[in-house]
Amino acid sequence: MHAAMTHLLEIQNLAFSWPGAEFPVFEHLDLTVREGAFILVRGASGTGKSTLLRLCCRLNRPQVGVILFRGRNIVETAPAVLRSMISYVAQIPQMTDMTVGENLLLPFSFAANRNKIAPSEEALEQMLAEFYLEGVSLGQSALKLSTGQKQRLAIMRAILQQPDLMLLDEPTSALDPESAAMVFSIMERLNTERKMTILGVTHSDYRPETVVALAYRLENRRLTLTDA
Amino acid sequence: MNQIIDISIPQLLLAFVFILIAQASSFIYHLGLNRDISVGALRTFAQLFLMGYVLTFILGTQSLLLTLAVFAVMVVSAMFIVRGRVKEKQVAYVLPTFLTMLVTYFATAVFVSGFIVGTTPWWEPRYFIPTLGMVIGNSMSAIAIALERMFRDMRVQRDVVEMKLALGANYREASDEVFRNAVTAGMIPSINAMMGVGLVFIPGMMSGQILSGTDPLVAIRYQIVVMFMLVGSTALTSIIVMLIVRKRCFGSGEEVLLTPR
């Protein structure tokens, strides 16, 4: 019973194919994510790393297999409610044509997040500094930020919802080395300081410096543990 | 004064001068429209004459069944035209669009013919069928524009819609902007028509009534009813169709089903 409670996410025998494709992207995939874990899935482009994360928050639908979140099949939870608990940050950060502050508070305008308390302006400004966005003001247009700044803002926006699990889809793939280092540092601090459970995918050789991570490799349609 | 001047066949053929002008323009400037202009002119000629004979027959029989049959043919034809313009394979939009058109057009025609004009019976073909014709003609274009716009924007803005979904939005919240832009795009021609009527153009129905000897003040009242009817029925049909079809753009997990082309 205790073991089951500490499993935040359990993926069992998962398989996914694109419509009309001859072979599945992956099959017989199992993965357990414990509360507070920092898990990295590596693999070459096209091996299905992003798809794996998207399946965990129902942005895609698997043909076979079950995903349990806190012991419950994710298809039994309303999609919006599930996604308010499992936050997915896409590879290419997306902002709406609004200010930085409005973009950060966007999740609180959705019904599934209405019971969550939106942070104050002061709290947002403090957080901007934590996310290496000191020069960015809440009133400026979010669309005018650099890709690196947008990515940090996207992670910050996801954090504000206080999710139980963060899914980070190649968060540094579009960034220069300096911006990528900032994002990696943020990811590690989220895990150590905020006890955030993180499941990230990357094709880089990034090795966390301050956290104990579990590393997997996704290749040949299978997921294997490479580094415990 | 109230006697309408008939147009003889030679006089009617004289109107083909305008088609010749269009054909010459296309030919001189290589617009590639000659075939379409010819087909369009022939279809206008054939379809309107056919409609004229059908209407003469139906007005003579005063049959409810025949009136409803004409209504069914008009809606089915409108659906085919919409389907021809909206080439979408991933979302099944045809059936809900057809059913919505059927119900809302019928309700609008009954309301205008039976309640506002107050004909007896409510399906009096002389009022019921032209009313339907105007409603369907306007609303059909609005639906086609709105559907095209929604499918296109849903693909173009897929990443933004998914970003909102990932942040806890339900499918309605995530696609709110796409939905509003699509309905607005469909409605704008009807609203513009209300702005310009009487100033920029004299609508066909009013012109027809005046030409046939009706008091212009009576024709104006009819035209006001028609303009309001067109905006209302276009809004109602577009919104119902968009609400149903938007839901179909998402799967059971509220995931976006439309993939890039």
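This structure is a prediction, so every number in the text was calculated from the model and none was measured. (Residues numbered from 1 in each chain as written. Chains lettered and ligands numbered in written order. Predicted model: local features only at pLDDT ≥ 70, side-chain atom pairs only at ≥ 80, totals over all residues. Heavy atoms only, no water.)

1. Thoughts on the overall build of chain B
Phase 1: When helices and strands are counted, chain B shows eleven helices and zero strands.
Phase 2: Moving toward the C terminus, one meets the helices and strands of chain B in the order α-α-α-α-α-α-α-α-α-α-α.
Phase 3: A buried classification covers 39% of the 261 residues belonging to chain B.
Phase 4: As displayed, chain B offers around 14,500 Å² of accessible surface, 71% of which is attributable to carbon and sulfur atoms.
Phase 5: Across chain B, the centroid of the 19 positively charged side chains sits 4 Å from that of the 14 negatively charged ones. (Helix = DSSP H or I, 4+ residues; strand = E, 2+ residues; numbered from the N terminus. Buried < 20%, exposed > 50% of the residue type's maximum accessible area, 1.4 Å probe, protein only. Areas by Shrake-Rupley, 256 points an atom, 1.4 Å probe, with all protein chains shown as cover. Lys, Arg positive; Asp, Glu negative; His and termini not counted. Charge placed at Lys NZ, Arg CZ, Asp CG, Glu CD.)

2. A look at the domain arrangement of chain B
Residues and elements named next belong to chain B.
Phase 1: What the domain assignment lists for chain B is domain 1 (7-61) and domain 2 (63-248).
Phase 2: Between domain 1 and domain 2, the C-alpha centre-to-centre distance is 25 Å.
Phase 3: Each partner contributes residues to the interface: domain 1 has six residues there, and domain 2 has seven residues.
Phase 4: When the buried area of domain 1 at its contact with domain 2 is split by residue, I58, L59 and T61 rank highest and sum to 66% of it.
Phase 5: At the boundary of domain 1 with domain 2, the tally comes to zero salt bridges.
Phase 6: Taken together, the connections running from domain 1 to domain 2 amount to one residue pair in polar contact (both at pLDDT 80 or more). (Domains from an automatic or database assignment. Contact = heavy atoms within 4.5 Å. Buried area = accessible area lost by both parts, 1.4 Å probe. Salt bridge = Lys/Arg side-chain N within 4 Å of Asp/Glu carboxyl O. Polar contact = N/O pair within 3.5 Å; in protein donor to acceptor, adjacent residues only side chain to side chain.)

3. A look at the pairing of strand 10 (residues 222-227) of chain A
Consecutive side chains of a regular strand alternate in pointing toward one face of the sheet and then the other.
All names here are of chain A.
Phase 1: By the bridge criterion, five bridges tie strand 9 (residues 214-219) to strand 10 in an arrangement that is antiparallel. Along strand 10, the bridge assignment pairs R217 with T224.
Phase 2: Following strand 9, the chain reverses through two residues before pairing antiparallel with strand 10; N220 in that reversal takes a positive phi of roughly 50°. (Pairing = 2+ DSSP bridges.)

4. Notes on the confidence of the model for chain B
Phase 1: The predicted model of chain B averages 91 in pLDDT, with 99% of residues at 70 or higher.
Phase 2: Taken element by element, the predicted model of chain B shows its lowest mean pLDDT in helix 10 (residues 204-211) of chain B (81) and its highest in helix 8 (residues 171-174) of chain B (97). (pLDDT = per-residue confidence, 0-100.)

5. Here's the deal with the sheet that holds strand 4 (residues 64-69) of chain A
Residues and elements named next belong to chain A.
Phase 1: Taken together, four strands build an open sheet; the order of strands is 2-1-4-5 and the sheet is antiparallel. Where the open sheet ends on each side, the last strands, each with one partner, are strand 2 (26-34) and strand 5 (72-73).
Phase 2: Bridge count for strand 1 (residues 7-16) against strand 4 is five bridges, and the pairing is antiparallel. Looking at strand 4, one finds that I11 is bridged to I67.

6. Observations concerning the packing of aromatic side chains
One pair of aromatic rings is described through two measures. These are the centre distance and the angle between the planes.
All names here are of chain B.
Phase 1: Scanning the entire structure with this criterion turns up 13 aromatic pairs over all chains.
Phase 2: Look at F106 and F128: their rings are 6.1 Å apart centre to centre, the planes differ by 75°, and that puts the pair in the edge-to-face class. Placement of the pair is F106 in helix 5 (residues 94-117) and F128 in helix 6 (residues 125-156), with a sequence separation of 22 residues.
Phase 3: For F106, a relative accessible area of 28% gives the class partly exposed.
Phase 4: Residue classification places F128 among the buried residues on the basis of a relative accessible area of 0%.
Phase 5: Ring geometry for W122 and F128: centres 5.8 Å apart, planes at 70°, overall edge-to-face.
Phase 6: Its guanidinium or amino end placed over the ring of F179, R246 lies 4.5 Å from that ring's centre, counting from NZ or CZ.
Phase 7: Just above the ring of Y171 sits the side chain of K247; from NZ or CZ to the centre is 5.1 Å. (Phe/Tyr/Trp six-rings, centres within 6.5 Å; stacked < 30°, edge-to-face > 60°. Lys NZ or Arg CZ within 6 Å of the ring centre and 35° of its normal.)

7. Description of the pattern of salt bridges
It is possible for side chains bearing opposite charge to pair when their charged atoms get close.
Phase 1: For the structure on display, the rule yields 15 salt bridges over all chains.
Phase 2: In this structure, D153 of chain B and R152 of chain B form a salt bridge, with 3.5 Å as the shortest nitrogen-oxygen distance.
Phase 3: A relative accessible area of 6% means that D153 of chain B is categorised as buried.
Phase 4: As a salt-bridge pair, R180 of chain B and D176 of chain B come within 3.0 Å of each other at their nearest N and O atoms. Placement of both R180 of chain B and D176 of chain B in helix 9 (residues 176-196) is noted, with a separation of four residues, approximately one turn of the helix.
Phase 5: R180 of chain B gets classed as partly exposed once you look at its relative accessible area, which sits at 44%.
Phase 6: You can call D176 of chain B partly exposed: its relative accessible area is 33%.
Phase 7: Here the salt bridges do not stand alone but share partners, grouping E35, R70 and D164 of chain A into one network.

8. Points about the interface of chain A and chain B
Phase 1: The interface is formed by 26 residues belonging to chain A together with 18 residues belonging to chain B.
Phase 2: Carbon and sulfur atoms supply 56% of the area buried between chain A and chain B, which totals about 1,700 Å² over both sides.
Phase 3: Among the residues of chain A in contact with chain B, R83, Q94 and F110 of chain A are the three that bury the most area, contributing 32% of the side total.
Phase 4: Summed over the shared surface of chain A and chain B, the result is two salt bridges.
Phase 5: Note that E255 of chain B is salt-bridged to R61 of chain A, the shortest N-O span being 3.3 Å.
Phase 6: At the surface where chain A touches chain B, the tally comes to five residue pairs in polar contact (both at pLDDT 80 or more).
Phase 7: Contributing elements (two or more residues each) for the side of chain A that touches chain B: helix 3 (79-85), strand 6 (86-89) and helix 6 (147-160) of chain A.
Phase 8: Broken down by element, the residue count for the side of chain A that touches chain B peaks at four residues, all from helix 3 of chain A.
Phase 9: Its residues assigned to classes, the side of chain A that touches chain B shows twelve nonpolar, eight polar and six charged. (Nonpolar A, V, L, I, M, F, W, Y, C, P; charged D, E, K, R; others polar.)

9. A word on the sheet that holds strand 3 (residues 38-42) of chain A
Residues and elements named next belong to chain A.
Phase 1: Strand order in this open sheet of six strands is 6-7-8-3-9-10, and the pairing throughout is mixed. A single partner strand is all that each edge strand has here, and the edge strands are strand 6 and strand 10. The mean inter-strand angle of the sheet, taken between neighbouring strand axes irrespective of direction, is 20°. (Axes fitted to C-alpha atoms, helices over the stretch in contact; angles between N-to-C directions.)

10. Focus: the nonpolar core
Phase 1: One finds L9 and L199 of chain A together with V82 and L147 of chain B to be the most contacted residues of the largest nonpolar core, which totals 90 residues.
Phase 2: If one sorts the elements of this core by residue count, helix 6 of chain B sits on top with 14 residues.
Phase 3: Aside from chain neighbours lying at most four places away, what touches L147 of chain B is V82, V86, Y93, T97, V241, M242 and V245 of chain B.
Phase 4: Residues V136, L153, V183 and M196 of chain A belong to the second largest nonpolar core, which totals 37 residues. (Core = buried A, V, L, I, M, F, W, Y, C linked by side-chain atoms within 4.5 Å.)

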